[in-house]
Amino acid sequence: MTKSSRRTWLTAAGSALAGVVGLLLPVFGTAGAAQAADSGIHVGNGRIYEANGNEFVMRGVNHAYAWYPGETDAIADIASKGANTVRVVLSSGDRWTETTSSQLASIVDDCKTSKVICVLEVHDTTGYGEDGAAATLGQAADYWVGVKSALRGQEDYVVVNIGNEPFGNSGYSAWTAATKTAISKLRNAGIENALMVDAPNWGQDWSNTMRDNAASVFASDPRRNTIFSIHMYGVYDTAAEVQGYLNHFVNNGLPIVVGEFGDNHSDGNPDENAIMATARSLRVGYLGWSWSGNGSGVEYLDMVTGFDAGSLTAWGNRFFHGADGIAATSTRATIYGGGGGGGGTGGTAPNGYPYCVNGASSDPDGDGWGWENSRSCVVRGGAADH
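What comes next is a walk through the structure. It should be emphasised that the depicted structure is a prediction, and the values quoted were computed from it without experimental measurement.

Remarks on the overall build of the chain
- Per the secondary structure count, the chain includes 10 helices and 14 strands.
- Counting all 386 residues of the chain, 58% fall into the buried class.
- Across the chain, every contact between residues at least 6 apart in sequence was considered, and the portion connecting residues at least 24 apart equals 70%.
- Of the roughly 13,300 Å² of accessible surface on the chain, 48% is carried by carbon and sulfur atoms.

This is the structure in C-alpha cells:
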C-alpha cells in the first residue's frame, strides 16, 4: 500500500512542510555486539538507561522554544502534567535566530529545575533536499560543536538530537552517510552525551532508509550511544504499521523512540491509540507534538491553548489523561528521585518477580537477576525478563 500526502507547520518564525509516502517491508538485522557507554544517559541492548543502570522510558512533549523563547514557563508547565522528558526545538542560526550557548545553558537549567530530561534538537535541518531553506546535518553538527561547553557535564540530563527530520523526499539516500559523519564530528569534538538521530522522509521513514541502515549507523558511534527517532503522522495510520516499525527496532536490539506524533494531521490520520499502546507494551519512549504554538491549519496539534497549562485541548487531554498516556505511564528519572519502573509499565516482571529499581547495577554477573530489599528482582530487558 502506498500513501502520498503533505503536512504543514507554521510557527511565529517560519513553516516546515512534509510529504510522505508509506511502504513498510520486513527486514532482518542486528545491532552488533559492541557495548554502549556506561556513564550518563546511555544505551544498552536496545534500551535507554540512566547512569545508575535504571531503565528510562521517555514520556514527554515537544516545545517550540526557538520560535517562542519568551514562553519561559513552558518546561515547568509540561513537567507539572507528569512528563519526564521535554524535547526542545532550537535553531542553529542557519534558518531561524540562533539559540545561543547561554540560552542553551538556561534551558538545561530549566529542565533540571523541573526534573525532566532534556532532548535538545536543531530544527533548521527539517526537510533538507526538498526544502531549499533547510540546513545540512553537517551544519547542525557544527552548531553542536560550537555550544559544547553548555553540554559538557550534563550527560545525566541531556540527549543531543542532532537535527530534526534531516531529509525530505528528495536525496534521502544520503541520510546514512550524512548521519554517520555528523555523529563522528560530535564525538571527535568530545561531546559525550547520548545522541538521537531523526529519520529522513520528513521524519517518517516511509522509504525505510533509517530502519534498514540503523545497525550500521549505531555501530559508527564509537560510544555506541545513539538513539533512533521516528516521527509518526499520516504514514502510521494503522496499528500494523506502527507495530511493524517499532517491533523491528526492538527485535534487533536497536534503541528507538517516537520523537513526534499527533492525533491528526494534514497528511493523514495517525493512529495515536496504537502508537501509545505499542510504545507502552514495548517499553519504547514517545514525545508528543506539541505543547503550543502551532498554526497554518494544524492548531489542533496544540496540547494547550495559548501556552496556558490550565487550558488543555482535546489532544492534550487525550495525551496526558487518556489510555497509555502520560499520567498512566510516565515515571520521573531516578536522578531526580524518581522510583524507576520503566515508564510506569508496572513494578512486576511477567514471571511474577519485582523489577530491580537500580536496573543493571543490581546484576553484577549479568544473568538478568538482581537482589534488592532482601529478595530477588528482575533486570528489565535482561535474560530473566520473561
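Side note on the sheet that holds strand S9 (residues 194–198)
- In space, the 8 strands of this closed barrel follow the order S5-S6-S7-S8-S9-S10-S11-S12, with parallel pairing throughout. When the angles between neighbouring strand axes are averaged without regard to direction, this sheet yields 25 degrees.
- Looking at chain direction, strand S8 (residues 158–161) and S9 are connected through 3 bridges and run parallel. Looking across to S9, one finds that Val-160 is bridged to Leu-195.
- Seen against the sheet, helix H5 (residues 175–188) touches S8, S9 and strand S10 (226–232) and runs at an angle of roughly 160 degrees to S9.
- Along the sheet, helix H9 (residues 314–321) contacts strand S5 (59–63), strand S11 (256–261) and strand S12 (285–288); its crossing angle with S5, the most-contacted strand, is approximately 150 degrees.

Quick notes on the state of the cysteines
- For the structure on display, the rule yields 1 disulfide.
- Covalent S-S linkage joins Cys-111 and Cys-118, the inter-sulfur distance amounting to 1.9 Å. Residues Cys-111 and Cys-118 are joined by a disulfide whose S-S torsion is about 80 degrees; by sign, that bridge is right-handed.
- Its relative accessible area of 0% is what places Cys-118 among the buried residues.

A word on the side chain of Arg-211
- By the secondary structure assignment, Arg-211 is in helix H6 (residues 209–220).
- A distance of 3.1 Å separates polar atoms of two side chains, one belonging to Arg-211 and the other to Asp-212.

Re the packing of aromatic side chains
- Evaluation of the coordinates by the stated rule reveals 16 aromatic pairs.
- Between Trp-67 and Trp-96, the aromatic rings sit 5.1 Å apart at their centres with planes inclined by 80 degrees, giving edge-to-face as the arrangement. Pair noted here: Trp-67 is in the loop between S5 and helix H1 (74–80) and Trp-96 is in the loop between strand S6 (85–90) and helix H2 (101–113), with a separation of 29 residues, a long-range link. For the pair formed by Trp-67 and Trp-96, the shared burial category is buried.
- Members of the aromatic cluster, each reached through a chain of ring pairs, are Phe-261, Tyr-286, Trp-291, Trp-315, Phe-319 and Phe-320.
- Taking NZ or CZ as reference, Lys-112 lies 4.5 Å from the ring centre of Tyr-157, over its face.

Things to note about the pairing of S8
- What you see with S8 is no split at all: Val-158 and Val-160 on one side and Val-159 and Asn-161 on the other are buried throughout.
- As judged from the 4 bridges shared by strand S7 (residues 117–122) and S8, these two strands associate in the parallel manner. Residue pairing for S8: Cys-118 is matched across the bridge by Val-158.
- Read as a crossover between parallel neighbours, the route from S8 over H5 to S9 is right-handed.

A look at unusual backbone geometry
- Ser-290 follows Trp-289 through a cis peptide bond whose omega is -15 degrees.
- Checked against the element boundaries, Ser-290 lands in the loop between S12 and H9.
- Despite not being glycine, Asn-201 shows a phi value in the positive range, around 60 degrees.
- Structurally, the position occupied by Asn-201 is in the loop between S9 and H6.
- Residue Asn-201 is classed as buried on the basis of its relative accessible area of 0%.
- One non-glycine residue, Trp-202, lies in positive phi territory at about 55 degrees.
- For Trp-202, a relative accessible area of 1% gives the class buried.

The rules behind these values
- As a convention, each chain's residues are numbered from 1 in the sequence order in which they are written.
- It should be noted that, the model being predicted, local features are given only for residues of pLDDT at least 70 and side-chain atom pairs only at 80 or more, the latter also being counted only at that level, while totals for whole chains, interfaces and linings use all residues.
- Remark: hydrogens and water are excluded; side-chain values derive from all non-hydrogen atoms of the structure.
- Each helix is a run of H or I in the DSSP string that is no shorter than four residues. Each strand is a run of E no shorter than two, and both are numbered from the N terminus.
- The cut-offs for exposure are 20% and 50% of the maximum accessible area for each residue type, with area from a 1.4 Å probe on protein chains only; residues under the lower value are buried, those over the upper are exposed, and the others partly exposed.
- Contact criterion: two residues are considered in contact whenever any of their non-hydrogen atoms come within 4.5 Å of each other.
- Here, Shrake-Rupley sampling with a 1.4 Å probe gives the accessible areas, and only protein chains in the shown set may cover a residue.
- At least two bridges found by DSSP between two strands is the condition for calling them paired.
- Interaxial angle, 0 to 180 degrees, is taken between N-to-C directions of lines fitted to C-alpha atoms, where a helix line uses only the stretch in contact.
- Cysteine sulfurs are considered disulfide-paired once they come within 2.5 Å of each other.
- As used in this structure description, the phrase polar contact means that two N or O atoms lie within 3.5 Å; if the pair is within protein, one of them must be able to donate a hydrogen and the other to accept it, and residues adjacent in sequence are counted only when both atoms belong to side chains.
- Stacked, tilted and edge-to-face are the three classes applied to pairs of Phe, Tyr and Trp rings, where Trp contributes its six-membered ring and a pair requires centres within 6.5 Å; stacked means planes under 30 degrees apart, edge-to-face means over 60, and tilted covers the rest.
- By definition here, charges over rings are those cases where NZ of Lys or CZ of Arg is within 6 Å of the ring centre and within 35 degrees of the ring normal.
- We call a crossover right-handed when, viewed with both strands directed away from the observer, the connection leading from the first strand over the helix to the second proceeds clockwise.

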